[in-house]
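Single-letter residue listing:
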Amino acid sequence: MKRPFSLLFLIGMLLLATLCGAIGGGLTAYYLLQNQKTTSMPPLTITSPVPTTEATPVAHLFVQTTQIETTITQVVEKVSPAVVTVVAKMPDQMGFFGVIPGGTSSGSGFIISREGYVITNNHVVEGAESVKVLLLSGEERPAQVVGTDRFSDLAVLKIEGDVPAIVTLGNSDALRPGETVIAIGSPLGDFKNSVTVGVISATGRTIDTGEGYYLEGLLQTDAAINQGNSGGPLVNLAGEVVGVNTLIVRTSSTGVTVEGLGFAIPSNTVQAVATQIIEKGYVSRPYLGVRWQPINPTLAQQYNLPVEWGIYVAEVIEGSPAEAAGIRPGDIITRIGNLPIDANHPFINVLFNFKPGDEVTVELVRRSRVLQVTLTLGESR
């Protein structure tokens, strides 16, 4: 009985030892595995979430060149090489304390022919002892005054040598109010070949010069014109010169400041005057042969004259058409041909409606008697 029991006991002990070994091996393996995870993984750190901000990109500026070409820029490129700055040296004058330097007068002009003829205003070069022009390139050339005409405020100069460009004269009679025009010149004499743009505001304007005659048939424009622009071209969009910039109005007769009132001599007048100056050296004007004083209502009332408008003949030039027709000092001329001398028709402008050699009827008042005489107009320079 002891042997079987001992055998069972032994088997039981073996099974128990096997079970304990398995449990111990499992525990050992689990311990090693856990230790390996702990040493191979970094400790987990929990922090509050921090909002991220994207980096601001660096700004890149790009310059893009776009070729923009308009009718105006094309016209300016075409005409500008023919535009010049005119500088006139005025003579010195003797003053109470000695010699007073004459200084200079500056304006603008433009070349009209390959022979070097230049158009500018008479008031730019009037009385100058010498004249020079500055080309767009900066080249300076002496200029000869070929001839002037104060009644149209135009002058023709001439320079020697090759010219950089010439302009084309357009038909100013075809201009209409609202048409775009370009003024080119040298305002203040320093800002050479400055460009301004405007429109034809009106045509046929008349400006009183304050010297007994009007500038008639002028073009009015709002293109900016300043001192020094005088004599420069007024150009249409076809690149043709349609006028010569000549004056501006800054204040009205009542003292009101105004802007955009510029005036130009029409190109058709320029062509007629320049042609005579180039051919003859002067402008042929009709000649009556009297020295005179204008009459207006104020003078008529003051001196108890028989008419309100006309010219009082102070002197008759010997050998003149007036002398030949029997006009005498003290006569008051009131009409030439069918044109009256009045507020809107000064004597000079009435006279200039005729040509040398024209036979005209002159109406005059002599001691309250109205007379008419016929004469043939002479020629003045």
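The structure displayed is predicted, hence computed values, not measured ones. (Residues numbered from 1 in each chain as written. Predicted model: local features only at pLDDT ≥ 70, side-chain atom pairs only at ≥ 80, totals over all residues. Heavy atoms only, no water.)

1. Topic: the sheet that holds strand β5 (residues 117-120)
Using the following cut-off: Two strands form a pair only when DSSP identifies at least two bridges running between them. Going along the chain from the N terminus, every DSSP run of H or I of four or more residues is numbered as a helix, and every run of E of two or more is numbered as a strand. Every axis in this analysis is a line fitted to C-alpha atoms, fitted for helices over the stretch in contact. Angles between the N-to-C directions lie between 0 and 180 degrees. What makes two residues a contact is simply this: any of their non-hydrogen atoms within 4.5 Å.
Pairing in this closed barrel of six strands is antiparallel, and the strands run β1-β4-β5-β8-β7-β6 around the ring. Sheet twist, expressed as the mean angle between neighbouring strand axes with direction ignored, is 40 degrees. Relative to the sheet, helix α4 (residues 267-280) contacts β5, β7 (140-149) and β8 (154-158), its axis offset from that of β8 by approximately 50 degrees.

2. Focus on the layout of surface pockets
The condition that has to hold: Buried and open spaces are told apart on a 1 Å grid over the protein atoms alone, a cavity being a set of points where a 1.4 Å probe fits but cannot get out and a pocket being an open set with protein on both sides within 12 Å along at least five of seven lines. Residues with an atom within 4 Å of a point are the lining residues. Grid points are joined across faces, edges and corners, and a volume is the space filled by probe spheres set on the points. When residue character is reported, Ala, Val, Leu, Ile, Met, Phe, Trp, Tyr, Cys and Pro are called nonpolar, Asp, Glu, Lys and Arg charged, and the others, Gly included, polar.
If you add up the space inside the largest pocket, you get close to 480 Å³. Contributing to the lining of the largest pocket are 23 residues, with Phe 151, Ser 152, Thr 269, Arg 285 and Phe 352 lying nearest its centre. At the level of elements, β12 (214-221), β15 (262-266), α4, β16 (285-287) and α7 (347-351) are the ones that each hand at least two residues to the lining of the largest pocket. Tallied by class, the residues present in the lining of the largest pocket amount to 15 nonpolar, six polar and two charged. For the second largest pocket, the calculated volume is near 390 Å³. Forming the walls of the second largest pocket are 21 residues, and the residues nearest its centre are Phe 151, Arg 285, Phe 352, Ser 380 and Arg 381.

3. Considerations on the nonpolar core
Here is the rule we go by: Only buried residues count toward a nonpolar core, which is a set of Ala, Val, Leu, Ile, Met, Phe, Trp, Tyr and Cys residues joined through side-chain atoms within 4.5 Å. Only protein chains enter the calculation, and the probe is 1.4 Å; a residue is then buried if its accessible area is under 20% of its type maximum, exposed if over 50%, and partly exposed in between.
Counting 27 residues, the largest nonpolar core has Val 79, Ile 119, Leu 154 and Val 244 as its most contacted members. Those elements giving two or more residues to this core turn out to be α2 (71-79), β5, β8, β10 (180-185), β12, β14 (240-248), β15 and α4. When residues in this core are grouped by element, the largest group, four residues, is from α4. One finds Leu 288, Leu 351, Leu 364 and Val 373 within the second-largest nonpolar core, a separate group that totals 24 residues.

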